[in-house]
Amino acid sequence: MPVTRRQFVAAIPAAAVAAGLPREPAMAQNGRKLVTFWFAQANSEGQAALRSNLIDAFNASQDKYLLQLEVKGAAVNNLLKVALLAGNGPDIVQTSGPSYLTGIANAGHLLPLDDFAARYKWKERFLPTLLNTGVYSDKLYALPRDYESMHLFYNKQLFSQNGWKVPTNRAEFEQVADAALAKGITPFSNGNADWKGVNEWLMTVFFNNVAGPDNVRKALGGELPWTAPPFAEAVDLSKAWYSKGYFGKNYFSLTNEQSLLQVVNGKAAMAWNGTWSFGTKSYGMSKPDTVIDVVPIPGLSDRVTEPLLHLACGATLSIAKNSQNAEGAAAVFEFMLSRKFYQDMNRDWPGKWALPIKDLPPDLLQGIGYPLFEKTIVSLQEAFSKGRYGFTTWTFWPNAANVYVMEGIEQVWLNRITAEAFLDRLQTVFAQELREGKVPPLPPRAA
């Protein structure tokens, strides 16, 4: 995600000019101090969930602060950069993940959260693996708003009708994909018409499930170049599958919503998609247990012998260094860690606010009536707490390298550049950012 980068539907238009205006002091309303929060995009269900479960609930829970949330649209990251540079902007700074956070934190625009973390015991309550993504120079600058991973979504009715087995390796994926194509069924339904970041979702899978997470971590740490053979194999496989038509004829014209609907409706067999997509109940997943199933994605080479989850933080929460109400912003963060907020938000907008808490009570998600989501989130919590995961681009690649993955891989698939040229350029961009200290913090491979 990102909301995070994974939220696709049009949002309330942003008042872009407001980002550059001088910031007024936090206004007291009915004796309360204002806490401002800029959000990216949210569909109608998301906006209703934010209003009911966050804004109204927080404001009703105490009488010191008044939370005000503005939906700024897809341009929120650029608006934040301009506003923070000018010394204004919101009290609560949400980014679309650690890849976006790095530049803001390194530029000194954020308030260290260590004092608040000590007061509220946040470090004891979050999974260390996820909390570590907000630590720079031994200071905590952000809390993880969620955890997420890429998964295999598949139409289990379609699989049953055709006698297909859920793939456990590359050969079995190709067997199902070829059989689907022969029947006029799209093997993998994905579309980037409304978010080019779908490209990086797929490449997160190819990099990790082909090259292996240990090699990915070595590359992110500067110990292995991106031009190494394991990554060349990953890019080559992505191109081969695209060229075979495994990702359909309409990859560049389908939205994510439309592509997921194809899986639900049986026009496609599978999709590589993220846990954030559980929030799409309103357009086809209201009873997902009867139509689809969701499982971790198996390995695609001999380097990965078991299904793999991909560690991701889809959004980060920080406090602006120039915030005039840091105490109020911290109070909002603490409110988000309440049991009621966790349950209500995941009931009404599943996958968008799965806070990576260290201890997940067994009954915490049972009341939301979404067992498939509950099963998946519990599996993430277990894997991430034990150090079994791969590395997502939007969480661990530095920003320019991440953007190039999204932009450049299309050129490979469309035969405009070679895989070798793509990896050469990726290595050049990444090496520069590594020298500049822009690579997000890397967690250990084992707990």
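Each value, and the rule that gives it
- Residues numbered from 1 in each chain as written.
- Predicted model: local features only at pLDDT ≥ 70, side-chain atom pairs only at ≥ 80, totals over all residues.
- Heavy atoms only, no water.
- Helix = DSSP H or I, 4+ residues; strand = E, 2+ residues; numbered from the N terminus.
- Buried < 20%, exposed > 50% of the residue type's maximum accessible area, 1.4 Å probe, protein only.
- Areas by Shrake-Rupley, 256 points an atom, 1.4 Å probe, with all protein chains shown as cover.
- Pairing = 2+ DSSP bridges.
- Axes fitted to C-alpha atoms, helices over the stretch in contact; angles between N-to-C directions.
- Contact = heavy atoms within 4.5 Å.
- Parallel < 35°, antiparallel > 145°, perpendicular 65-115°, else oblique.
- Left-handed = near helix turned anticlockwise from the far one by under 90°.
- Nonpolar A, V, L, I, M, F, W, Y, C, P; charged D, E, K, R; others polar.
- Phe/Tyr/Trp six-rings, centres within 6.5 Å; stacked < 30°, edge-to-face > 60°.
- Lys NZ or Arg CZ within 6 Å of the ring centre and 35° of its normal.
- Core = buried A, V, L, I, M, F, W, Y, C linked by side-chain atoms within 4.5 Å.
- Lys, Arg positive; Asp, Glu negative; His and termini not counted.
- Salt bridge = Lys/Arg side-chain N within 4 Å of Asp/Glu carboxyl O.

Novice: Talk me through the overall build of the chain; I want residue IDs and the actual numbers.
Specialist: Regarding its fold elements, the chain presents 18 helices and 14 strands. Expressed as a percentage of its 447 residues, the buried residues of the chain come to 59%. By element, 51% of the accessible surface of the chain is carried by carbon and sulfur atoms, the whole surface being about 17,000 Å².

Novice: Account for the sheet that holds strand β11 (residues 292–295), naming residues and giving values.
Specialist: Read from one edge of the open sheet, four strands run β9-β10-β8-β11, paired in mixed fashion. Here the strands that pair on one side only, and so sit at the sheet edges, are β9 (186–188) and β11. Each strand axis lies, on average, 25° off the axis of its neighbour in the sheet, ignoring direction. Inspection of the sheet shows strand β8 (residues 150–155) paired to strand β10 (residues 268–274) by five bridges, in the antiparallel sense. By the bridge assignment, His 151 is partnered in β10 with Asn 273. Lying on the sheet, helix α8 (residues 170–182) is in contact with β8, β9 and β10; it crosses β9 at an angle near 155°. Of the strands in this sheet, β8 and β11 are in contact with helix α15 (residues 371–385), which crosses β11 at around 5°.

Novice: For the packing of helix α11 (residues 229–244) against helix α18 (residues 419–435), give the residues involved together with the corresponding values.
Specialist: Taken N-terminus to C-terminus, the directions of α11 and α18 make an angle of 130°; their axes are 10 Å apart at the nearest point. Relative to α18, α11 is oriented oblique. Seen along the crossing, α11 lies across α18 with a hand that is right-handed. Where α11 abuts α18, its residues Phe 231, Ala 232, Val 235 and Asp 236 lie against Ala 419, Phe 422 and Leu 423. In terms of residue class, the contact of α11 with α18 is built from six nonpolar, no polar and one charged.

Novice: Any chance you could break down the packing of aromatic side chains for me, citing the residues and the numbers?
Specialist: Applying the stated criterion across every chain yields a total of 42 aromatic pairs. On the basis of an interplanar angle of 50° and a centroid distance of 4.7 Å, the ring pair of Trp 226 and Phe 231 is categorised as tilted. Here Trp 226 matches Phe 231 in class, with each residue buried. Among the aromatic residues, those joined into a ring-pair cluster are Phe 37, Phe 39, Phe 58, Phe 335, Phe 341, Trp 349 and Trp 353. Over the aromatic face of Trp 38 sits the side chain of Lys 72, whose NZ or CZ is 4.6 Å from the ring centroid. Positioned above the aromatic ring of Trp 353, the side-chain terminus of Arg 145 is 4.5 Å from the ring centre.

Novice: Give a detailed account of the packing of helix α1 (residues 44–61) against helix α14 (residues 339–348), specifying residues and quantitative values.
Specialist: Relative orientation of the contacting elements α1 and α14 amounts to 170°, with a least axis distance of 10 Å. By the angle class used here, α1 and α14 are roughly antiparallel. For the pair α1 and α14, contact is made by Ala 49, Leu 50, Asn 53 and Leu 54 and by Phe 341, Asp 344, Met 345, Arg 347 and Asp 348, respectively. Here the contact of α1 with α14 is built from residues that sort into five nonpolar, one polar and three charged.

Novice: Give me the lowdown on the nonpolar core, citing residues and values where you can.
Specialist: The biggest cluster of nonpolar side chains holds 130 residues, and the ones touching the most others in it are Leu 54, Trp 122, Phe 206, Trp 272 and Trp 397. In terms of residues, this core owes the most to one element, helix α9 (residues 198–211), which gives nine residues. Not counting residues within four places of it along the chain, the set of residues in contact with Trp 397 comprises Ser 99, Phe 207, Val 216, Leu 220, Trp 226, Phe 391, Thr 392, Asn 402, Val 405, Leu 426 and Pro 440. Leu 79, Leu 80, Leu 101 and Tyr 136 belong to the second largest nonpolar core, which has 16 residues in total.

Novice: How would you sum up the side chain of Glu 433? Please name residues and give values.
Specialist: One can find Glu 433 in helix α18. One buried charged residue, Glu 433, remains without a salt bridge, the closest side chain of opposite sign being Lys 438 at 5.4 Å. Setting aside anything within four residues of it in sequence, one finds Glu 433 in contact with Pro 398, Asn 399, Ala 400, Ala 401, Lys 438 and Val 439.

Novice: Got a sec to walk through unusual backbone geometry? Specific residues and values, please.
Specialist: Residues other than glycine seldom take positive phi values, yet Lys 121 does so here, at roughly 60°. Looking at the element boundaries, Lys 121 is found in the loop between α4 (114–120) and α5 (122–125). With a phi angle near 50°, Ser 137 is a residue other than glycine that sits in the positive phi range. Residue placement: Ser 137 occurs in the loop between β5 (135–136) and β6 (139–140).

These values are about where atoms sit, not about what they do.
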